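# Chains, contacts and geometry: an overview
Listed here are the chains, written in short residue letters.
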Amino acid sequence: MKTIRLIYLGMVAVGIAAYLTATPVHLSGQQNIAVPIDADDIGGVVTSANGPEAGVWVIAETTDLPTKMAKIVVTDDQGRYVLPDLPKANYDVWVRGYGLVDSPKVKSAPGKIVNLKAVVAPTPAAAAEYYPAIYWLSMLKIPDKSEFPGTGPKGNGMPEKLKSQGQWLAGIKTLGCMSCHQLGNHATRTIPKELGHFNSSLEAWQRRVLSGQASEIMLRNLNDLEPQRALALFADWTDRIAAGELPASKPSRPQGVERNVVITLWDWATPKAYLHDEIATDKRNPTVNANGLIYGSPEDSTDFVPILDPVGNKASEMKVPVRDPNTPDTMFIATTDTLMLAPSPYWGTERIWQSQATVHNPMFDEKGRVWVTTRIRPPANPAFCKKGSDHPSAKLFPLERAGRHVGVYDPKAKKFTLIDTCFSTHHLIFAEDANNTLWLSSGGAASGVVGWLNTKMFDETRDEQKSQGWTAFILDTNGNGKRDEYVEPDQPVDPIKDKRIVAGFYGIGVSPVDGAIWGSVLSFPGAVVRLNPGENPPATALAEIYEVPWNEPKAVMNGYGPRGMDIDRNGVVWLPLASGHLASFDRRKCKGPLNGPTATGKHCPEGWTLYPFPGPQFQSVRDSGSALASYYTWVDQHDTFGLGRNVPFATGNTSDSLEVLVDGKFITVRVPYPMGFSAKGLDGRIDDPKAGWKGRGVWSAYAGRATAHIEGGKGTKPKVVKFQLRPDPLAK
């Protein structure tokens, strides 16, 4: 194996221009620093006028491969770096880091030593342009606690339904605005000139939220906050930034194991598409689909699922069919004709999102097939779902409509099979049982049911009706341990009956300990629900609900606003909170009864543990937490990354990051380029269990709806991201 050694001798005089050399550097009077590389690596030393630059990123990007690819590493304490395992191509190589501005890009190729000259930022404003969005977002002023609860238009103007500052914050974080796009990036903290001329920033914001195909969603979220007040705060924010105000805090450079991370990015899909998430393997067995294709879910943007071949560095796509050609386009079934309220500053009046299938979430099974939640027909349900049907689930809880259903793609046969479900689908997860039961969340908190598909039965019979089931959420409030007649959600608890609750799973997980199904409920303060299917679901299914502690005196810490969740091998549930926390819920810690008349949500605050996320809090908020908005939590049950089993990863959607909790402390794994990494899902795969760190990795994707907000702007494609953890910053 070829090894090249670099001799770096010392400090470079102030004012020397950026330089590159493919031969050893000799500078007198200082110690030797060796950087060994192989023929498929690029390595060297990064220095600036201040000397060696530790904890900065070196980026190598190429367009020579079938799809655009980049690899990113971090320098060690002495400014050394190694970009490992680069495909044969020509690369642009440069340095990015906090306190710097980007260095000039240098042309190079694998097998070469490249010493890079970092460029110290000339001003604090120039340095701040590279800060993650959260640092700018934290400057946004938040209504004071004294303004809550709202007293309406005849009082303080705040809506009466808003009872607390936390509820308002949840509405702009992952229960509202930031569920779709990253706030605080350059695109959102400035007013694009393409929007037009306005007499004030308030007028500009009033116009900007009418833009594009998601305008109705934005207006709906704003109406929950009190639009004029919220827009005035955003206008004040952009005015202060335009006037030169900078974030009060600064991000720190990667430290410790954060410097051992290797990031690889590939382009896929199109600039007009956005991704919800991706899938690389079977969550139950991360060796499934080793070195195989990665599949994405483009949701409302297109019917073409993006596919990445990470070995061949190729991107392709596959059209997802529908069963009924009259299946409506986009998720906004009732308002398709008025979807765009005003032109987009990026795409004008062009309708860039067009999808019938609205593929939301993919999942591999043990056979290497890809299952997706997808729309196959119009929303009105067939007769077997409705009242009068003899289907066991319909007898207990008939359903009239379903907005999304199920599909499965067999890569070997190159065939899509569509499956009609009576219940709406959103996320999906396989149980570790003999039937390979596929459990499916509904997404919205008001859906009232959770559904499942016996995939073993379906494979054997192809009978989609008999293979599926669903249940309402029934609490055992009479405490007898079985499902009985129940009172409805708007009725008080009856000591001799059970009680139905209105809940719908968003995130969904299956406990490896007892097979219980857990889901997160999107509401304020929000909750997790546990479903015990029993021996004969749906007839035996019973639920338990546990609210996130909010203003709960018995809780160690309070939070609110859950989003996507996961579960570890011990049965502990992990989920992000809009309050700026990663939360765990451990049912084993509950002290009181788990059923009976008082077990209606607030009965186990002791089961919750909240960990404040890294990063600044909003400057006008005094509560625990962070301005970070986290969309989803995934638990690395099988140590696919290298930090251990059962390690939770939370998406840092305003921080260009994954936030990884190890022994109660966060490790920030940041994607510095292109800025705008905002993930909605991730999973880990083991390609070769004998290959050490090179055979393992965690996969994710850029998943904000506004692809044009990614660094590079209009024309930028979504990215697939692979994270690997090597033993040290120079491992190759």
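Shown above is the structure to which this text applies.
Read on for an overview of the structure. It should be emphasised that the depicted structure is a prediction, and the values quoted were computed from it without experimental measurement. (Residues numbered from 1 in each chain as written. Predicted model: local features only at pLDDT ≥ 70, side-chain atom pairs only at ≥ 80, totals over all residues. Heavy atoms only, no water.)

Relative orientation of the contacting elements helix α5 (residues 201-208) and helix α7 (residues 227-242) amounts to 120 degrees, with a least axis distance of 8 Å. In this view, α5 runs oblique relative to α7, as classed from their interaxial angle. Crossing of α5 over α7 shows right-handed handedness. Contacts between α5 and α7 involve S201, L202, W205 and Q206 on the former and, on the latter, Q228, L231, A232, F234, A235, W237, T238 and D239. (Axes fitted to C-alpha atoms, helices over the stretch in contact; angles between N-to-C directions. Helix = DSSP H or I, 4+ residues; strand = E, 2+ residues; numbered from the N terminus. Parallel < 35°, antiparallel > 145°, perpendicular 65-115°, else oblique. Left-handed = near helix turned anticlockwise from the far one by under 90°. Contact = heavy atoms within 4.5 Å.)

On inspection of all chains with the given rule, the structure shows 29 aromatic pairs. Seen in terms of ring centroids, Y546 and F585 are 4.6 Å apart; in terms of plane orientation they differ by 35 degrees. Their pairing is tilted. In this pair, Y546 is assigned in strand β30 (residues 542-547) and F585 in strand β33 (residues 581-585), connecting sequence segments 39 residues apart. Pair check on accessibility: Y546 and F585 agree, each one buried. Ring plane angle 65 degrees and centroid distance 5.2 Å describe the contact between F677 and Y702, whose orientation is recorded as edge-to-face. With F677 in the loop between β38 (665-670) and β39 (682-686) and Y702 in the loop between β40 (696-701) and β41 (719-725), this pair connects stretches of sequence that are 25 residues apart. Across the pair, Y702 and F677 agree in class, each one buried. Three or more aromatic residues joined by ring pairs form one cluster here, namely W57, Y98, Y131 and Y135. Directly above the aromatic system of W136 lies the positively charged group of R189, at a separation of 4.1 Å from the ring centroid. (Phe/Tyr/Trp six-rings, centres within 6.5 Å; stacked < 30°, edge-to-face > 60°. Buried < 20%, exposed > 50% of the residue type's maximum accessible area, 1.4 Å probe, protein only. Lys NZ or Arg CZ within 6 Å of the ring centre and 35° of its normal.)

Below, the discussion takes up helix α3 (residues 165-172). Structural remark: α-helix, 3.6 residues per turn; residues separated by three or four positions point the same way. α3 sits mainly inside the fold: 7 of its 8 residues count as buried. By the burial criterion, the buried members of α3 are Q165, G166, W168, L169, A170, G171 and I172. Taken together, the buried residues of α3 touch α7.

Let us now look at the state of the cysteines. Among covalent bonds in proteins, the disulfide is the one between the sulfur atoms of two cysteines. Throughout the structure, instances matching the rule amount to 2 disulfides. C590 shares a disulfide with C604; S-S distance 2.1 Å. Across the S-S bond of C590 and C604 the torsion is about -100 degrees, and the bridge reads as left-handed. In this pair, C590 is assigned in the loop between β33 and β34 (608-612) and C604 in the loop between β33 and β34, connecting sequence segments 14 residues apart. (Disulfide = S-S within 2.5 Å.)

Take unusual backbone geometry next. That bond from F524 to P525 is cis: its omega, 0 degrees, falls within 30 degrees of zero. Looking at the secondary structure, you find P525 in the loop between β28 (517-521) and β29 (527-532). Even without being glycine, D85 reaches a positive phi, approximately 55 degrees. Here D85 lies in the loop between β5 (80-83) and β6 (91-96). The exposure class of D85 is partly exposed, given its relative accessible area of 26%. Even without being glycine, N291 reaches a positive phi, approximately 60 degrees. Note that N291 resides in the loop between β13 (277-279) and β14 (294-297). When its relative accessible area of 42% is taken as the criterion, N291 is described as partly exposed.

Once that is clear, we can look at the sheet that holds strand β35 (residues 633-636). Spatially, β35-β36-β37-β38 is the arrangement adopted by the 4 strands of the open sheet, whose pairing is antiparallel. The open sheet is flanked by β35 and β38, the only strands paired with a single partner. Shown here is a sheet whose adjacent strand axes are inclined to one another by a mean of 25 degrees, direction ignored. Bridging between strand β37 (residues 657-662) and β38 involves 6 bridges; their strand directions are antiparallel. For E659, the partnering residue across the bridge sits in β38 and is T668. (Pairing = 2+ DSSP bridges.)

Where helix α6 (residues 215-223) is concerned, the buried positions are S215, E216, I217, N221 and L222. Next to the buried residues of α6 lie α7.

Right, let's get into the pattern of salt bridges. All told, the structure shown has 41 salt bridges when counted by the stated rule. A salt bridge links D459 to R369, with the nearest nitrogen and oxygen atoms 2.8 Å apart. Within this pair, whereas D459 is found in helix α9 (residues 455-461), its partner R369 is found in the loop between β17 (362-364) and β18 (370-374), the two being separated by 90 residues in sequence. By relative accessible area, D459 is classed as partly exposed at 23%. Ionic pairing is found between E547 and K602, a salt bridge with its closest N-O pair at 3.0 Å. Placement of the pair is E547 in strand β30 and K602 in the loop between β33 and β34, with a sequence separation of 55 residues. On the basis of relative accessibility, which here comes to 59%, the residue K602 falls in the exposed class. (Salt bridge = Lys/Arg side-chain N within 4 Å of Asp/Glu carboxyl O.)

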